[in-house]
Amino acid sequence: RDFNERCAQCSEVNWGLTDGGRFYCRSCHNVTERTREVVNTDFITHSRVQTISKGSRKQEKNDGGSEWYVCEGFQLVLKKQVEALEALGVCPQMKDEILCNFWRCYLQKSKQAYCKRPAGEAVKALSVCESSTDVDSDPERPSLLHLLSLSESEGDLQTDCSFASSVSKVSESTSVYSGSVDGSLYLMKNQKENLRMTMPMTLSFCYMALLWVREPITLSELLRFVVEGHIPYLNVFQHFPEKMKLCGLDLKIFCVESWPVYEEVFNKMHELAAFLDLPRFPDITESCFLHPDMLCMKYLMEANLPDEMHNWTCRVVKKIGIGEVDFLTLMPGNKSTRKVKYDVLAAAIIVVVLKLLFLLDDHYECFSVISFISSQTKVYIFYSGGPYFEFKKWYEVVKHSLDVKQKKLDEERAKYLWRCEKPLFYSVKNKSKALKRRQMVVNLQNQFGKLSGSVQRAEKPNPSSFQLSWSEENTDGSCFHGHSLKGILQEKRGLLTPMNPDYWLCTVKLCNERLCGHLAHYREVEFPQSYHFVLGLFSFLLRVQPSYIHDEVCMIEHKLFNKKLYKKLKYNTVLRK
Amino acid sequence: SSNEHKLNFKKSKDACLSYIQDALLQKQWKRAAEFLTCFVESLEKDYSREHIGPSEMIWRIGTEILWHHSQSSMKEFSCFMEQMKTLGVKRYLKVCLEHVFHLLCNGQIDEAYQNLSLAESWRFGEQTAIQDKEMKLIQAYRGLLDYYSWAKQKNILFENSEDGFSDLAVEQEMHGYFRKAAVNLKEIIKIPGVWDIFVKCYVDLLEFYGDHNEARQVLNEYAYNSKFPANPNAHVYLYQFLKRQGESKKSLISALKILHDIVPSHELMIDFNTMLQKSKKRKKRRLGLEVIFAALDYAGWKENAKAWSCLARQVKQIVISEKHLDWIKQEWNSRKDWWPAFHFSRYLAKRNWQENKSLSYGKALVAGILLGKGCKYFKYVSHQGCKAQLKRFRMLKKFVNRHNPVYLRISG
C-alpha cells in the first residue's frame, strides 16, 4: 500500500502482491524480498455459521416497505462509514476483511444472526399484546419476559409470521410501534447479557478496526472527522433504501441528536473487544504512528513547540516504560492492564515535559532570565544556531491562533444543522404534520438564508490531520519549531538537564478509577494559568475535556516520581527532581 | 461526568440563540439572519416543556430582522407573518395584531384594515373565547381606523362646504364611519387599561355630535375609576375638555389636583399655579405655592422663565402683604440645603444673565428673598442689571434691600 520505492530493475513504481505476500513489480515481474505484514483475520474460530432462516419474509407491507431488522440498519451504517474511511485513504482491507468479520462475529455473539435461534423472533408476538405506556420507564415488564420464554421453547416461525402483518396495524397509542421488525425489542433488551448496538457504538467498531490495522488515525481524529462530516453519523438513515421504512421506535435507535464523546466510544470499544473474545491486537511498535514517540512528534509540531523537545518526550516515555510493546498493545478482556488512549497519552507526556522544563507555576516560565533580558530589549536572544525558546512569546503566539480557532469552532457548533431532508415521524398520524413542519422549516431557511448576505454555507473543508500549522518560512517569527531549549538547560555531568530544579505534582494521591471513574478531579481555579492554558490547547486539538488530559498527566507523574512519592507522601507537593 | 459536555441538539440551539441575541443587540441583521437560518429546524423538535417555544422565538426574532434588514421588503414581511399565523393557533390574534401595527407604521392603512377585519371574523373553537382580550383590541383598532376615515370625510366635507356645496354622499359616509367607530371604541374603554388614543378619538366624536354628557362621563370614568391604572393623561384630557366647555375655575382646579399628585413636574402646573394664586380661598393659594415650588424641584424646569415668574410673583405678593411668611418658610425648609447649589450658583447667574434676562430677573427675585441680598446670584444679576441700566433690575434691587429682614425671618 504505501510501498513507494522504485523497482530495482525497471525503476517503476507499480507494485502488486504475490500469494506469498511479497511485493513484485508489475512492469517487469521482479519479485522483492519485502513482504507485507500479514494481518491475521482468523479469529472467528470454530463457529458454526448458519444463515438466519427468515421463513416467509413479507416483502410488501401496506406502505410499500418490507420487513427489516435493526441489525440490518446498523450494517448499512457501518458500510457507509467504512466506505467514507476508505475515501480518506484507509486500506481497503479494513472494509472487506476486518470490519466485516468483526461485525459478523458480533452478530453471532449477540445472537442476532449466524446462529440457531435469533432473538429477533420474540418481538412479533409482543407487538400485538402490548398496550401503551412509555418504553423507557420500565424495561423489565413481566409480560415481555413471559413472552420471551414462551417463544424460546416453542419457536415456531411459521405461526409467528402470521402476526407480522399486524405490526403495521398496531394503534398509534402503543409505543412499541416501529418500522423495523424488532425495534421495540431492541430497546427493551436487558443490556447485561448482550451488548446492544447503538449509533455511538458504530464508531467503536470503526475505531477497533482502525486499531487492528494500525492506521494512522487516532480516536480523537476519527471523532473530529465525524463532526466535520467526513464520516457519516448524523442522519445516516437517509441512505437506507426506500423499502426500509423508519418510524416510531426506530427513531430512538438511529436518530441521534448529540455528538459522541471520546470516553464513550473508547470505553465501548474495549467492552466490544472483550465481548467478541478477540485475541491480542497486532503489536504497536516504535515505528507505529500510534506509538507515543511518533504521536508526540506530531503534537509538538502542531503545538508549535521546539523540535528539541522531542528528545525529552522520548526520555520520559523510556523512563516510565510506556513505549513498551506490551504496554501499548491491546489485550481485550485483560482487566489488569490500563487501557491506552494513545492521543491523550501523547498530549499528557508533552504537558509533563513542559512542566519539567518550565515548571508552569505562572512565575518561573515567565520570569526566566532570558525572558527578562529579551523583554527589555525586545529581541530574541540568539545563539549561533537560532533563537532561544521563550515560553511567554510562544504563549502569546499560540494563544492568539487558538482563540481565533476556538471562536470559529464555537460558532460552527451553534450553526450545526441536525435535521435532514428525510422527515421523521413517530406514527402515521404525525406524518402529515411532520411534513408540513419540514416544509415550513425549508421555507424559512430559504427566506433568512437569502438575508444572510454573502455568507454562504461554506463547502466542507478537506479533512486534514493538522488543525494548527506553523510555517518556518514566516518572517514574523511565529514558528517556534527551530527554537532552541539551550536557554533553560544546563550541562551536568555530561548530560543536559533542565535548569528548573522543581516540579509540582498535580495530585499527591490518585483516585480509585473504579469508584469514581477518574484518577483526579480537575478544577481550573486550583491550578496555575499556564498549566490551564496548556491543557486547554490540547483539549482543543483533541476535542476532549481538559480534565481528561489532566487524568493522564497525573498517571504519568505518578509513574515518573513513583519512588519519591512513596517516601515523601507526607510532605508538600513540590519535589526536587 | 463527561456526558454533561456532550454537544447535543438543545445545547447547540441554545448557543445559536445567544449568538442571535448578540447580533440583534448590535443591530447586525445579516448575522442574526445567518444564525436564525440554523435555528429554525427547532420547529421540528418537541419543546413543549419549555416556557417559550421555538415558534414564538422565531416569530419575534424573524419580525425584528425582517423589519430592520435593508434588503427585506414589506411583501416579504407580510409573507413571513402569514406563515407565523399558521404556526401557533394560541397566538393567532396576537400575531395578527402585531402585523397590523407594522403595516400601520409603514403607512399601509388599507392593508391594516383588511387584516383587522379578517382577524375579527376568525373563529377557532374554544380559542376564540380564550383570546377574547386580543379580539377586543382588534375591534378597538378597527374602530380607530374607522375614526380615521371619519376624520378624513369630515375634512372633505368642510373643504367642500367652503365652496357652498354640501355633499350628501360624503356626509352619509361620514356618519357611517362614526357609528362603526363609536361602537368599538366604547367597548374597549370599558375595560380597565391605558387607552389614551381610543379615549381621545371617542371624545372627539362625541363632542362633534354634541353628546357632551357622554363625553364628560367617559372622561370622568377614565380619570377617577380606581380600577383603571393611574394615568396622568386621563386628567389632562379631562381638564382640556372642561376648559373647552368653559367650566368654572373650581372644577378646572379639581381636575388638576390629582395630576399634581402623580406628576408634579407636569407642564400644566403653571396653569394650575396661576389659577390657584388668584383664588380667594387661602387653602388654594397655599396649594399654589406648593405646586410651583414642587415643579421647580425638577431639572427640566430650571430654565423655565414662566415658572420662575409665577413663583416670583407669588413670593413678592406674600412678602408685600407680610402675611403667610410661614408658608414660604415651610416650603423653603426642605429646599434650603440644595436649591442654592441647584439654582442659584454664580455660574448659573452668569449663564442665565447671558441667555435670558427674564429668567434671571425672576430667579434673582426669589433668590434675593430666600437667601438675602448677600447671595451671589442676586448680587451678580442685580449688579449686571443696574450696569445695563435696566429699570426693573434697579427696582428689584431696591425691593430686596427693603425686605431683607424677611430673609432673616425665613432662614431662622
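Note that this is a predicted model, so its numbers are computed, not measured. (Residues numbered from 1 in each chain as written. Chains lettered and ligands numbered in written order. Predicted model: local features only at pLDDT ≥ 70, side-chain atom pairs only at ≥ 80, totals over all residues. Heavy atoms only, no water.)

Colleague: What is the right way to look at the overall build of chain A in this model?
Modeller: Counting its regular elements, chain A contains 21 helices and 7 strands. Each of the 577 residues in chain A was classed as buried or not, and the buried ones make up 49%. Put simply, of all contacts in chain A between residues at least 6 apart along the chain, 74% involve residues at least 24 apart. Carbon and sulfur atoms make up 51% of the accessible area of chain A, which totals about 29,400 Å². (Helix = DSSP H or I, 4+ residues; strand = E, 2+ residues; numbered from the N terminus. Buried < 20%, exposed > 50% of the residue type's maximum accessible area, 1.4 Å probe, protein only. Contact = heavy atoms within 4.5 Å. Areas by Shrake-Rupley, 256 points an atom, 1.4 Å probe, with all protein chains shown as cover.)

Colleague: Quick question: what am I supposed to make of the environment of T37 of chain B here?
Modeller: Along the polypeptide, T37 of chain B turns up in helix α2 (residues 29–39). The class for T37 of chain B is buried, based on a relative accessible area of 15%. Spatially, the C-alpha atoms of T37 of chain B and I58 of chain B are 9.8 Å apart, while their sequence positions differ by 21 residues. Ignoring any residue separated from it by four or fewer positions in sequence, one finds T37 of chain B in contact with Q445, F448, G449 and S452 of chain A. A distance of 3.5 Å separates a polar side-chain atom of T37 of chain B from the backbone nitrogen of G449 of chain A. (Polar contact = N/O pair within 3.5 Å; in protein donor to acceptor, adjacent residues only side chain to side chain.)

Colleague: It is not clear to me how the confidence of the model for chain B should be interpreted in this structure. Could you clarify?
Modeller: Low-pLDDT stretches of the model should not have their predicted coordinates read in fine detail. Taken over all residues, the pLDDT of chain B has a mean of 91, while the share at 70 or more is 96%. Across the interface, the model reports ipTM at 0.75; the global pTM reads 0.75. (pLDDT = per-residue confidence, 0-100.)

Colleague: Explanation requested: a positive patch on the surface in the structure shown.
Modeller: Together, K249, K278, K306 and R313 of chain B make up a region of like positive charge exposed at the surface. You can see K249 of chain B is positioned in helix α13 (residues 249–262). (Patch = residues over 30% accessible without salt bridge, like charges linked within 9 Å, V, L, I, M, F, W, Y side chains within 5 Å. Salt bridge = Lys/Arg side-chain N within 4 Å of Asp/Glu carboxyl O. Lys, Arg positive; Asp, Glu negative; His and termini not counted. Charge placed at Lys NZ, Arg CZ, Asp CG, Glu CD.)

Colleague: Explain the packing of helix α16 (residues 391–414) of chain A against helix α1 (residues 9–25) of chain B to me, please; I cannot follow it from the model alone.
Modeller: A pair of packed helices can be characterised by two numbers: the angle between their axes and the separation between those axes. Between α16 of chain A and α1 of chain B, the least distance of the axes is 7 Å, while the angle of their chain directions is 110°. Comparing their axes, α1 of chain B and α16 of chain A come out roughly perpendicular. In contact with K407, D410, E411, R413 and A414 of chain A of α16 of chain A, α1 of chain B contributes S12, A15, C16 and Y19 of chain B. Taken together, the residues of the contact of α16 of chain A with α1 of chain B sort by class into 4 nonpolar, 1 polar and 4 charged. (Axes fitted to C-alpha atoms, helices over the stretch in contact; angles between N-to-C directions. Parallel < 35°, antiparallel > 145°, perpendicular 65-115°, else oblique. Nonpolar A, V, L, I, M, F, W, Y, C, P; charged D, E, K, R; others polar.)

Colleague: How should the pairing of strand β4 (residues 489–492) of chain A be read in this particular structure?
Modeller: Residue and element names in this part refer to chain A. By the bridge criterion, 4 bridges tie β4 to strand β5 (residues 495–498) in an arrangement that is antiparallel. Note on β5: the bridge partner recorded for K492 is L495. What sits between β4 and β5 in their antiparallel hairpin is a turn of 2 residues, with R493 showing a positive phi close to 50°. (Pairing = 2+ DSSP bridges.)

Colleague: Is there a simple way to think about helix α3 (residues 54–68) of chain B in this case?
Modeller: Each turn of an α-helix holds 3.6 residues, which means side chains three or four residues apart point in the same direction. Residues and elements named next belong to chain B. When the terminal C-alpha atoms of α3 are compared, their 21 Å separation across 15 residues agrees well with the 21 Å that a helix rising 1.5 Å per residue should span. Across the 15 residues of α3, 11 count as buried, placing the element largely inside the fold. Among the residues of α3, P54, S55, E56, M57, I58, W59, I61, G62, T63, I65 and L66 are the ones counted as buried. (Expected span 1.5 Å × (residues − 1).)

Colleague: What's the story with the side chain of N115 of chain B in this structure? I'm lost.
Modeller: Residue and element names in this part refer to chain B. If you trace the backbone, N115 turns up in helix α6 (residues 109–120). Look at N115 and you get buried, because its relative accessible area is 16%. Apart from the residues within four sequence positions on either side, N115 is in contact with E82, K85, H99, V100 and L103.

Colleague: Would you mind going over the interface of chain B and chain A with me for this structure?
Modeller: With 38 residues of chain B at the contact, the number on the chain A side is 33 residues. Taken together, both faces of the contact between chain B and chain A bury some 3,300 Å²; the carbon and sulfur share is 60%. Broken down residue by residue, the surface that chain B buries against chain A is led by L7, E41 and E44 of chain B, which jointly contribute 19%. Taken together, the links from chain B to chain A amount to 3 salt bridges. One salt bridge in this structure joins K415 of chain A and E34 of chain B, with 2.3 Å as the shortest N-O distance. Our count for the chain B to chain A interface comes out at 15 residue pairs in polar contact (both at pLDDT 80 or more). At the level of elements, α1, α2, α3 and α4 (74–87) of chain B are the ones that each hand at least two residues to the side of chain B that touches chain A. Ranked by the residues each element gives to the side of chain B that touches chain A, the list is headed by α2 of chain B, at 8 residues. Here the residues of the side of chain B that touches chain A sort into 17 nonpolar, 12 polar and 9 charged. (Buried area = accessible area lost by both parts, 1.4 Å probe.)

Colleague: For this particular structure, what's the right way to read the nonpolar core?
Modeller: In summary, soluble globular proteins display a tendency toward joint burial of nonpolar side chains. In this structure, M94, Y106, F205, F254, W394 and F538 of chain A are the most contacted members of the largest nonpolar core, which totals 148 residues. Ranked by residues supplied to this core, first place goes to helix α14 (residues 342–358) of chain A with 15 residues. Counting the residues that make up this core, at least three belong to each of domain 2 (67–110 + 196–278) and domain 3 (292–376 + 385–404 + 469–566) of chain A. Grouped together as the second largest cluster of nonpolar side chains are 138 residues, I318, I328, Y377 and Y380 of chain B included. (Core = buried A, V, L, I, M, F, W, Y, C linked by side-chain atoms within 4.5 Å. Domains from an automatic or database assignment.)

Colleague: Help me understand a nonpolar patch on the surface in this model?
Modeller: Residue and element names in this part refer to chain B. Residues Y224, I258 and I262 make up a contiguous nonpolar surface patch of about 230 Å² in total accessible area. Secondary-structure assignment places I258 in helix α13. The class of I258 is partly exposed, set by a relative accessible area of 31%.

Colleague: How should I be thinking about the packing of aromatic side chains in this particular structure?
Modeller: How two aromatic rings sit relative to each other is set out by the distance from centre to centre and by the angle between their planes. Residues and elements named next belong to chain B. One pass over the structure, following the stated rule, counts 54 aromatic pairs over all chains. In textbook terms, an aromatic cluster arises when at least three aromatic residues are bridged by ring pairs, as seen for F293, W308, W332, W338, W339, F342, F344 and Y377. A cation over an aromatic ring shows up here: K302 above the ring of F342, its NZ or CZ 4.4 Å from the ring centre. A cation over an aromatic ring shows up here: K357 above the ring of W353, its NZ or CZ 4.6 Å from the ring centre. (Phe/Tyr/Trp six-rings, centres within 6.5 Å; stacked < 30°, edge-to-face > 60°. Lys NZ or Arg CZ within 6 Å of the ring centre and 35° of its normal.)

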